[in-house]
Amino acid sequence: MARAANYPFIGIDLTAGKRPSDVAGLTQSGRAKFLTSTTNAEIVRSVHALGGQIVAVDSPMGFPVGLCCLEETCECAPLDGLTGRSAERELAQLGISCFWTTKRTIIKAMIYRAIELKAALEASGCIVLEVYPYAVKRLLLGKPLPKKSTELGLARVVAGAREHLPGFRQPAGWQPTHDQLDALFCAITAQLHAAGQTQSLGDPSEVPIIIPRVPEVGTRALPGGGGDVRGAAGLSR
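Heads up: these notes are all about the structure in this document. As the structure is a computational prediction, the values presented were derived from the model and not from experiment. (Residues numbered from 1 in each chain as written. Predicted model: local features only at pLDDT ≥ 70, side-chain atom pairs only at ≥ 80, totals over all residues. Heavy atoms only, no water.)

1. Thoughts on the overall build of the chain
Next up, step 1: Within the chain, the regular secondary structure consists of six helices and seven strands.
Next up, step 2: Taking as baseline every contact in the chain between residues at least 6 positions apart, the subset at least 24 positions apart corresponds to 68%.
Next up, step 3: About 10600 Å² of surface is accessible on the chain, with carbon and sulfur atoms providing 54% of the total. (Helix = DSSP H or I, 4+ residues; strand = E, 2+ residues; numbered from the N terminus. Contact = heavy atoms within 4.5 Å. Areas by Shrake-Rupley, 256 points an atom, 1.4 Å probe, with all protein chains shown as cover.)

Written out as structure tokens, the structure is:
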């Protein structure tokens with residue numbers, strides 16, 4: 001499929017499919033463009049319309065080793081007997097909360113959708129990364145982060161985007177939403193990945209979570225860490 005060469009770095013704030021997903025494109029110089037797409041086929045078309053090459057998706061995109069699905073009626077079980085994927089446990093060790101990929105997850109539909117989207121994007125020639133924008137913002141912007149749906153929270157994240165994208169140019173008249181900003185920080189992670197400035201969390205036999213490479217980040221809690229929160233309803237990817 002032919003690509004334009006405008007926005008090679010793409011971020012997707014994926015939904016379960018009942019409402020449009022936000023798609024953010026970034027140029028090498030930091031110019032941003034935003035689209036919305038509802039179906040996986042529409043997302044793939046948006047990615048190619050933007051000229052996407054590296055696509056960072058906000059959703060788990062695989063199962064723990066040993067699981068073939070997330071259905072409680074199936075006998076499959078994690079081989080290590082632990083909760084969630086290894087990358088999610090590594091995030092918890094950093095003090096970063098996330099949803100856990102288990103048979104009781106409340107984002108099952110989104111995970112199934114993300115796995116299909118990953119396959120479709122890779123088949124069309126894209127490099128696909130699993131990212132978690134809350135972790136990206138924690139690592140790049142620090143804590144505390146104001147609630148992302150508030151005016152203060154939106155302003156903090158926009159300021160952070162300008163800080164980490166010196167050439168950041170937002171669309172004229174842009175009134176950012178927190179979903180667009182999550183997509184933008186996914187795209188920032190794709191750009192960092194192209195520059196070799198990311199690191200991979202998790203066992204290579206599972207789909208890793210890609211986070212910014214930050215000095216002195218290892219298997220320890222970050223300052224102000226939130227601890228190990230297992231799929232609290234107030235969290236959103």
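There's more to say after this.
2. Let's talk about the packing of helix 5 (residues 151-164) against helix 6 (residues 178-194)
Next up, step 1: For the pair helix 5 and helix 6, interaxial distance at closest approach is 11 Å and the crossing angle is 25°. In terms of orientation, helix 5 and helix 6 fall into the roughly parallel class. Here helix 5 and helix 6 pass one another in a crossing that is left-handed. Listed contacts from helix 6 to L154, V157, V158, G160 and A161 of helix 5 are H178, L181, L184, F185 and I188.
Next up, step 2: Looking at the contact of helix 5 with helix 6 residue by residue, the classes come out as eight nonpolar, two polar and no charged. (Axes fitted to C-alpha atoms, helices over the stretch in contact; angles between N-to-C directions. Parallel < 35°, antiparallel > 145°, perpendicular 65-115°, else oblique. Left-handed = near helix turned anticlockwise from the far one by under 90°. Nonpolar A, V, L, I, M, F, W, Y, C, P; charged D, E, K, R; others polar.)

3. Some thoughts on the pattern of salt bridges
Opposite charge on two side chains permits them to pair, given that their charged atoms come into close proximity.
Next up, step 1: Inspection of the entire model under this criterion finds nine salt bridges.
Next up, step 2: With a shortest N-O distance of 3.5 Å, D179 and R19 are connected by a salt bridge. Remark: R19 occurs in the loop between strand 1 (9-13) and strand 2 (21-26) and D179 occurs in helix 6; sequence separation between them is 160 residues.
Next up, step 3: By relative accessible area, D179 is classed as buried at 15%.
Next up, step 4: Here E71 makes a salt bridge to K108, at a shortest N to O gap of 3.7 Å. Taken together, the positions of E71 in the loop between strand 4 (54-58) and helix 2 (86-93) and K108 in helix 3 (residues 108-123) put the pair 37 residues apart, joining distant regions of the chain.
Next up, step 5: According to the relative accessible area criterion, E71 is partly exposed, its value standing at 29%. (Salt bridge = Lys/Arg side-chain N within 4 Å of Asp/Glu carboxyl O. Buried < 20%, exposed > 50% of the residue type's maximum accessible area, 1.4 Å probe, protein only.)

4. Quick look at the nonpolar core
Next up, step 1: Core analysis: the biggest nonpolar cluster contains 29 residues, and L26, L140, F168, L181, L184, F185 and I188 have the highest contact counts within it.
Next up, step 2: For this core, the secondary structure elements donating two or more residues are strand 2, strand 3 (32-37), strand 4, strand 5 (127-131), helix 4 (133-141), helix 5 and helix 6.
Next up, step 3: The element contributing the most residues to this core is helix 6, with nine residues.
Next up, step 4: Those residues within four positions of F168 in sequence are excluded, and the remaining contacts are S29, G30, A32, A161, R162, W174 and L184.
Next up, step 5: Counting 27 residues, the second-largest nonpolar core is a separate cluster that includes V47, L50, L67 and I111. (Core = buried A, V, L, I, M, F, W, Y, C linked by side-chain atoms within 4.5 Å.)

5. Considering helix 3
Next up, step 1: The terminal C-alpha atoms of helix 3, which comprises 16 residues, lie 23 Å apart, in line with the 22 Å expected from a rise of 1.5 Å per residue.
Next up, step 2: Residues of helix 3 that are buried include every one of M110, I111, R113, A114, L117, K118 and L121, and no others. Take helix 3 and look down its axis: the buried residues cluster within an arc of 160°, on one side only. Opposite the buried face of helix 3, by more than 90 degrees, sit the exposed residues E116 and A123.
Next up, step 3: The secondary structure elements touched by the buried residues of helix 3 are strand 1, strand 2, helix 1 (40-50), strand 4 and strand 5.
Next up, step 4: Just downstream of helix 3 lies G125, where phi reads positive at about 105°. (Expected span 1.5 Å × (residues − 1). Arc of directions from axis to C-beta.)

6. Some remarks on the packing of aromatic side chains
Next up, step 1: In this structure the tally under the stated criterion is two aromatic pairs.
Next up, step 2: Summarising the aromatic geometry, the rings of F63 and Y112 are spaced 6.2 Å apart at their centres and angled 90° between planes, so their arrangement reads as edge-to-face. With F63 in the loop between strand 4 and helix 2 and Y112 in helix 3, this pair connects stretches of sequence that are 49 residues apart.
Next up, step 3: Residue classification places F63 among the buried positions, given a relative accessible area of 19%.
Next up, step 4: On the basis of relative accessible area, Y112 is assigned to the partly exposed category, the value being 25%.
Next up, step 5: A ring pair is formed by Y132 and Y134, whose centres lie 6.0 Å apart and whose planes are at 55°; its orientation type is tilted. (Phe/Tyr/Trp six-rings, centres within 6.5 Å; stacked < 30°, edge-to-face > 60°.)

7. Describing the side chain of E130
Next up, step 1: Assignment of secondary structure puts E130 in strand 5.
Next up, step 2: Classification of E130 by relative accessible area gives buried; the value is 2%.
Next up, step 3: A distance of 2.6 Å separates a polar atom in the side chain of E130 from a polar atom in the side chain of R85. (Polar contact = N/O pair within 3.5 Å; in protein donor to acceptor, adjacent residues only side chain to side chain.)

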